[in-house]
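Spelled out, the chains give:
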Amino acid sequence: MTLTAHRKMQLYGTLLLLPAAILLTTFAYLPTITTVINSLFLPGFRGAPAEFVGVENYQVLFDDPTFWKVARNNLIYALGTIPTSIALALVMALFVNGKLRGRGFVRMAYFTPTILPMIAAANIWMFFYAPQIGLFNKLLGALGLSGINWLGDPSVALGSVIVMSVWKEAGFFMIFYLAALQGIPPELKEASDLEGTSRWSFFWRVTFPLLMPTTLFVLINALINAVRVVDHLFILTKGGPNNATNLLLYYVYENAFSFFDRTMAATITVVILLVLAVVATLKFTILDRRTHYQ
Amino acid sequence: MSLNTAHSPARNAAPYTPRSRYFAVPSLETIAAWLLALIWIFPLLYALWAAFHPPAYMVRFELFAPLTLDNFATAWAQAPFARYYLNTFALVTGVVFAQFVVCTLAAFAFARFPIPGKNVLFMLVLIQLFVFPEVLIVENYRIASELGLINTITGIGLPYVASAFGIFLLRQTFKTIPRELEDAARIEGCNWLEILWRVYVPLAKPTYLAYGLVSISHHWNNFLWPLVVTNSVESRPLTVGLGIFSAPETGVNWATVSAATLLSIAPLLIAFLLFQRQFVQSFLRAGIR
């Protein structure tokens, strides 16, 4: 290949890349950079230029007990949803992978919540959680028990939100486990049967370790979702009562579009970006060599 | 490996024949699997029940309660769902089409062209797998308003068009296509775009199908960014319309909310039930939404 032909190829390739590059710059790179910059400035009053304040906004944020409450909520939310939905997903996949009557229906039942918008799922769960007419309290009432304020009691509300999220997510993770299970060579099972290994120890010694890449992959997706998905809060609790169910991204939304404090919103966004950076590092260092999705 | 001798070899001798499967008492595992399935599908069945019965039967279960379509009629009359449908359709088709074009070009560049600093550029693209438009709502809102895109369907869709995920998937697929096919096309006088269109795109059809289905369900269901960037009926998609319609403080009757919820999810849900296999395969192939 001559040098000019090579140059031509370079130019052509760059041109092909251009539309994506422009869009990514506009809606991903530039906003990331300006968010970080905004978090270091205070807006000027009446058209005065913004004032550089260094890490002062972060000090304000870290002195804000609400921020810590929201951050703690998000941690509890992650710890509540991720292990449960991953464990359930694995159990579901094992169920559906075995010989089971009506397997098609069972698999469909597990997976269907995944297809629904979070808003619709929240609407449906609202029928369960509502204090007076909700199904859960009606059932408790029928048993002669007093109802629980599922979304209004600060000590219960986050748990209720977590339960709904687990319901929504588990089926999605199931399909990855199912695919991985179907990739495990049947000879392993046959060999272990010959050796007389119990199903329990076969699972823990063979199946589970072989599923490790899938578990990591699902874990990373679950981590991202724990930060990214807050749609259900708009219906279920609006972050309340008294911020008991508020999550970081919802708090950003509130700061930006209810309190009109763009600076605080930018500062919290940087915190979220740092969390995502940790997740991304995790993905690229641990998962990179065994990318199983391609 | 330790041996568990409690296992009886006789069980292996009689594998699952159809006969023993049908006459056997369901195992504990089967019962557990079914129970979990019923719990998992119950919320949706409940929404169906509530939507097709008069409000009085919301928490009163009677097998022969009268069926009705009134709730759907009320929902349809109380909010401009027809418009929301139109907006969502326009959004989803627009986004998927634009994604196909932009991501195909970029993926082709990454797969086959000697671009300086290609690996670094590709890593930069992959960052967008983690930094999505809705995380940057504040700044993206500012940018959208500077571009005059507030309250437009373009404004909802545009930040998602250059999808790192689409570029990644298509690049992987393009890389598996043998160069010989490309060379053959070039000998026949095809230029680069013709090679892309006649060789690469047709061979990547399964990837397009998978990515398309995943993208359709993502954008049909997306809420936060559309909520932020729209402010009138003319541009709101179904999710945002539904969110506003069913917000608890509006005091809308629950049976109506169920009907509205089903209206919003029906097309996607029916498509899913009809093409379950393709949907699940697509999600698998695509991995990340």
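Residues numbered from 1 in each chain as written. Chains lettered and ligands numbered in written order. Predicted model: local features only at pLDDT ≥ 70, side-chain atom pairs only at ≥ 80, totals over all residues.

Participant: Which parts of the structure should I look at to understand the overall build of chain A?
Facilitator: Within chain A, the regular secondary structure consists of 13 helices and 2 strands. Here the C-alpha atoms of chain A give a radius of gyration of 24 Å, more than 25% beyond the 19 Å that 2.2 N^0.38 yields for 294 residues. In terms of overall dimensions, chain A has C-alpha extents of about 80 × 75 × 30 Å along its principal axes. Burial status across chain A gives 43% buried among its 294 residues. Contacts in chain A between residues at least 24 apart in sequence constitute 66% of all its contacts with a sequence separation of at least 6. (Helix = DSSP H or I, 4+ residues; strand = E, 2+ residues; numbered from the N terminus. Rg over C-alpha atoms; globule rule 2.2 N^0.38 Å. Buried ≥ 20, exposed ≤ 12 C-beta atoms within 10 Å, placed from the backbone. Contact = placed C-beta atoms within 7 Å.)

Participant: Would you mind going over the overall build of chain B with me for this structure?
Facilitator: Within chain B, the secondary structure is distributed over 16 helices and 0 strands. With 289 residues in all, chain B has 43% of them scored as buried. Within chain B, contacts between residues separated by at least 24 positions form 75% of all contacts whose residues are at least 6 apart in sequence.

Participant: Got a minute to help me understand the packing of helix α5 (residues 81-112) of chain B against helix α12 (residues 205-221) of chain B in this structure?
Facilitator: Residues and elements named next belong to chain B. Running from N to C, α5 and α12 point in directions that differ by 145°, and their axes come no closer than 10 Å. For the element pair α5 and α12, the recorded crossing hand is right-handed. Residues T88, L91, V92, V95, V96, Q99 and F100 of α5 touch α12, and the partners they reach there are Y208, G212, S215, I216, H219 and W220. (Axes fitted to C-alpha atoms, helices over the stretch in contact; angles between N-to-C directions. Left-handed = near helix turned anticlockwise from the far one by under 90°.)

Participant: Whenever I open this one, the interface of chain A and chain B confuses me. Can you help?
Facilitator: For an interface, size is often stated in terms of accessible area lost upon the parts coming together. Counting residues at the interface gives 80 residues for chain A and 79 residues for chain B. By residue number, the principal contributor to the side of chain A that touches chain B is helix α1 (residues 3-38) of chain A, which donates 19 residues. Each residue belonging to the side of chain A that touches chain B can be placed in one class, and the counts come to 54 nonpolar, 17 polar and 9 charged. (Nonpolar A, V, L, I, M, F, W, Y, C, P; charged D, E, K, R; others polar.)

Participant: Which parts of the structure should I look at to understand the packing of helix α4 (residues 103-115) of chain A against helix α7 (residues 154-182) of chain A?
Facilitator: Think of two packed helices as two axes; the pair is described by the angle between the axes and how far apart they sit. Residue and element names in this part refer to chain A. Put simply, α4 and α7 touch, their axes get as near as 7 Å, and they point 115° apart. When the axis of α4 is compared with that of α7, the two are roughly perpendicular. For the element pair α4 and α7, the recorded crossing hand is left-handed. Of the residues in α7, those touching α4 at Y110, F111, T112, P113 and T114 are W167, K168, G171, F172, M174 and I175. (Parallel < 35°, antiparallel > 145°, perpendicular 65-115°, else oblique.)

Participant: Sorry, what's going on with unusual backbone geometry here?
Facilitator: We note that A:N243 has phi near 65°; this positive angle belongs to a residue other than glycine. Following the sequence through the fold, A:N243 ends up in the loop between α11 (231-236) and α12 (248-257). A positive phi angle is found at B:N151, which is not glycine, with a value near 65°. Tracing the backbone shows B:N151 in the loop between α7 (137-146) and α8 (153-157).

Participant: Even after reading the chapter, I still don't get the nonpolar core, so can you show me in this structure?
Facilitator: Looking at soluble globular proteins, one finds that nonpolar side chains tend to be buried together. In this structure, A:A89, A:M174 and B:A106 are the most contacted members of the largest nonpolar core, which totals 168 residues. Residue contacts for B:A106: discarding those within four places in its chain leaves A:L16, A:L17, A:A20 and B:I167. (Core = buried A, V, L, I, M, F, W, Y, C linked by C-beta atoms within 7 Å.)

Participant: Honestly, the environment of A:I115 in this entry has me stumped. Any pointers?
Facilitator: You can see A:I115 is positioned in helix α4. Expressed as a C-alpha distance, the spacing of A:I115 and A:K168, which sit 53 residues apart in the sequence, is 8.8 Å. Apart from the residues lying within four places of it in its own chain, the contact partners of A:I115 are B:S217, B:L268, B:L269 and B:F272.

Participant: I'm lost on the environment of A:V218 in this one. Help?
Facilitator: Residues and elements named next belong to chain A. Turning to its location among the elements, V218 is positioned in helix α10 (residues 212-228). C-alpha separation for the pair V218 and I175, spaced 43 residues apart in sequence, amounts to 10 Å. With near-sequence residues (within four places) excluded, V218 lies in contact with I86, A89, F173 and F176.

Participant: Could you clarify how one ought to interpret helix α5 (residues 118-129) of chain A in this entry?
Facilitator: Residues that lie three or four places apart on an α-helix share one face, since the helix turns once every 3.6 residues. Its 12 residues place the ends of α5(A) 16 Å apart at the C-alpha level, agreeing with the 16 Å of an ideal helix rising 1.5 Å per residue. Taken together, the buried positions of α5(A) are occupied by A:M118, A:I119, A:A120, A:A121, A:A122, A:N123, A:I124, A:W125, A:M126, A:F127, A:F128 and A:Y129. (Expected span 1.5 Å × (residues − 1).)

Participant: Sorry, what's going on with the environment of B:N71 here?
Facilitator: All names here are of chain B. Relative to the elements of secondary structure, N71 occurs in helix α4 (residues 70-78). The spatial distance from the C-alpha of N71 to the C-alpha of T256 is 4.8 Å, given a sequence separation of 185 residues. Setting aside its immediate chain neighbours within four residues, N71 contacts A51, A255, T256, S258 and A259.

Participant: Would you mind showing me how to read the confidence of the model for chain B here?
Facilitator: Caution applies to low-pLDDT parts of the model: their predicted coordinates are not meant to be read in detail. Residue and element names in this part refer to chain B. Taken residue by residue, chain B gives an average pLDDT of 83. The fraction at 70 or more is 87%. By mean pLDDT, the top-scoring element of chain B is α5 (93), and the lowest-scoring one is helix α1 (residues 10-13) (42). Between residues 1-21, whose pLDDT stays under 50, and residues either more than four places distant or in other chains, the model counts 18 contacts. (pLDDT = per-residue confidence, 0-100.)

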